[in-house]
Amino acid sequence: MASFLLRRNSNLLARSLTGNYKEQFCPYFQAKFECLGAALNSLHPYSRSYGSASGSIRNEITDMTCPHTWYPLARRKRRRVFLHVGPTNSGKTYQALKQLQSSASGIYCGPLRLLAWEVAKRLNKANVPCDLITGQERDEVEGAHHKAVTVEMADVSTDYKCAVIDEIQMLGCNTRGYSFTRALLGIAADELHLCGDPAAVPLIQEILDITGDELEVQYYERLSPLVPMKVPLRSLSDVRNGDCIVTFSRRDIYKLKKRIEREGKHLCSVVYGSLPPETRTRQASMFNDASSEFDVLVASDAIGMGLNLNISRIIFSTMQKFDGFQMRDLTVPEIKQIAGRAGRYGSNFPLGEVTCMSGDDLPLLHSALDSPSPILERAGLLPSYELLYMYSRLHPQAGFYQVLEHFVDNAKLSEKYFIVNCDQVLKVAAVVDEFPLELRDKYLFCISPADMDDEISSQGLTQFVENYAKKGLVRLREIFTPGTLKVPTTPQALKDLESIHKVFSVALIFISSDTTLSLLRCDL
Ligand SMILES: Nc1ncnc2c1ncn2[C@@H]1O[C@H](COP(=O)(O)OP(=O)(O)OP(=O)(O)O)[C@@H](O)[C@H]1O
Ligand SMILES: [Mg+2]
């Protein structure tokens, strides 16, 4: 790994930028550029500074009320959209994938890397060659006309016969929502299948009313029962084959694994968000494989969406999680999604059960499973590079941080949309503004999956940016000394290794991605 090089303006980076550049220079942006050019030319050269540009042009650029016009290729079609909605384990994704599989070309967009992997594996097994593309990997299959991708990698500049967007209710997510909105508005497919929670129906109906697409809603019922238990799990010695214990911190995951394994009856696989994706896949496969000794899973909500694992019973060790700001109760959709992993149709366990480790948590579990998810009101958006570029032309003295912050403050939105939380992007912007970089390089760093709340990851990114700005070249061996990475023997060493992996992931995005500008920060 240490031999990776990143060159400024390398072919790949340039390709990734121009690829997206082309995609976004649609008539909508072209018109705005022309407007902006005329306005700048009409200004006195010395007055072209922050705050002095024409207010009406600024309003024009920050107008995000019609995001559907950003995607001319999709707008040229009248797409046939099928919205598959229903509870978990009701066959929504299965039906959508059947259509994808029988189409001449297509793309599957999912919220989790594990889901994209599951779909690619399934299509390839059915002799439909399918590429797997996520923020960190690109597994290309000869002759493939199908792709399974994490939604951030959805390609809006290619014409497809069929597309699937899974877990479409995520368009309301406060951080990743904009990628789902982009895929919904932008994918140019004759037939588009959306799968998800019924709570998304009214919002999608309203959005697609404006795009002029043809929409059909199909409702589903659960295929096999999910039984909420009346009693909690009394002790870890009652854990049995096929159980999945859910908890949210790495420390608790390993503590539970150790305690269960100490009983001497089971071996546990672990799955959680900051575990590198290949490791997550391997752990999930070991658990799913009936012949392996790993018959119990200890996992966070990284297993919480759409996945088909051989789980018989979900056991919530806690009903609270830290959401980056505070400890809070799990929401109704989160509880239903996680519980819905038990007893998947066609798995080794035709009946699913769900319970908690504490009896005090049972009322919340039962009421959540009985409640509908709250209706979604708005879909997420994020200003594109092109909009920010135009805005920065009006404010040439401003750094990227200021440009983004001001843009978001001044953005005009229709009532169906909101701008997603930009805190992480702004944290990276504050770092990149310290270095002499072009706006598009800064933007690229800002949307990379660097975790600025993690000390090692944020230090790695800073060093990365510094080397890049100085030499236009980054040698990873200058950031990490080769040979110093060891198999971790303590929890802290494991955490550090996961953080280092995040820095390598940023490097990979710069080196291997074609659609870099469309990447979102997290690739779960
Ligand atoms: N008609 C069917 N024939 C055979 N297997 C099916 C059928 N429908 C669904 N399945 C299987 O049932 C399981 C659950 O289906 P699927 O993943 O489509 O559910 P879902 O409604 O998308 O659930 P979630 O909301 O959790 O994503 C999968 O393993 C799928 O392959
Ligand atoms: Mg599904």
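As a starting point, this report considers the structure included with it. A quick note: this is a predicted structure, and the numbers were derived from the prediction, not measured. (Residues numbered from 1 in each chain as written. Chains lettered and ligands numbered in written order. Predicted model: local features only at pLDDT ≥ 70, side-chain atom pairs only at ≥ 80, totals over all residues. Heavy atoms only, no water.)

**What about the site of ligand 1?**
Logical step 1: Looking at ligand 1, there are 16 residues lining it, with Lys92, Thr93, Tyr94, Arg341 and Arg344 nearest.
Logical step 2: Between ligand 1 and Gly91 there is a distance of 3.0 Å, counted from an oxygen atom to a backbone nitrogen or oxygen.
Logical step 3: The fraction of the free accessible surface of ligand 1 (630 Å²) that becomes covered by protein chains is 80%.
Logical step 4: At three residues, helix α5 (residues 92-101) tops the list of elements feeding residues into the shell around ligand 1.
Logical step 5: Among the residues making up the shell around ligand 1, the classes are represented as four nonpolar, seven polar and five charged.
Logical step 6: Looking at which domains feed residues into the shell around ligand 1, each of domain 2 (68-219) and domain 3 (226-370) gives three or more. (Near = heavy atom within 4 Å. Polar contact = N/O pair within 3.5 Å; in protein donor to acceptor, adjacent residues only side chain to side chain. Areas by Shrake-Rupley, 256 points an atom, 1.4 Å probe, with all protein chains shown as cover. Helix = DSSP H or I, 4+ residues; strand = E, 2+ residues; numbered from the N terminus. Nonpolar A, V, L, I, M, F, W, Y, C, P; charged D, E, K, R; others polar. Domains from an automatic or database assignment.)

**Section: the sheet that holds strand β10 (residues 226-228)**
Logical step 1: The strand order across the open sheet built from six strands is β10-β17-β14-β11-β13-β12, with neighbouring strands paired in parallel fashion. With one partner strand each, in any of the chains shown, β10 and β12 (267-271) form the two edges of the open sheet. With direction set aside, neighbouring strand axes in the sheet form an average angle of 25 degrees.
Logical step 2: Two strands pair when backbone bridges link them, and β10 and strand β17 (residues 352-356) are joined in this way by three bridges, in the parallel orientation. (Pairing = 2+ DSSP bridges. Axes fitted to C-alpha atoms, helices over the stretch in contact; angles between N-to-C directions.)

**Describing the packing of aromatic side chains**
Each aromatic ring pair is characterised by the separation of its centres together with the angle its planes make.
Logical step 1: Taken as a whole, this structure holds eight aromatic pairs when the rule is applied.
Logical step 2: Ring geometry for Tyr391 and Phe407: centres 5.3 Å apart, planes at 75 degrees, overall edge-to-face. Of this pair, Tyr391 sits in helix α13 (residues 385-394) while Phe407 sits in helix α14 (residues 400-410), and the two are 16 residues apart along the sequence. The pair Tyr391 / Phe407 is uniform in exposure class, with both members buried. (Phe/Tyr/Trp six-rings, centres within 6.5 Å; stacked < 30°, edge-to-face > 60°. Buried < 20%, exposed > 50% of the residue type's maximum accessible area, 1.4 Å probe, protein only.)

**Thoughts on the sheet that holds strand β2 (residues 80-85)**
Logical step 1: Taken together, eight strands build an open sheet; the order of strands is β5-β4-β6-β3-β7-β8-β2-β9 and the sheet is mixed. Edge positions in the sheet fall to β5 (138-139) and β9 (214-219), since each of these pairs with one other strand and no more.
Logical step 2: Pairing analysis gives six bridges linking strand β7 (residues 159-165) to strand β8 (residues 188-196), with the strands arranged parallel. Following the sheet pairing, Asp159 is matched in β8 by Ala188.
Logical step 3: Taken strand by strand, helix α8 (residues 201-211) contacts β2, β8 and β9, and its axis lies near 165 degrees from that of β9. (Contact = heavy atoms within 4.5 Å.)

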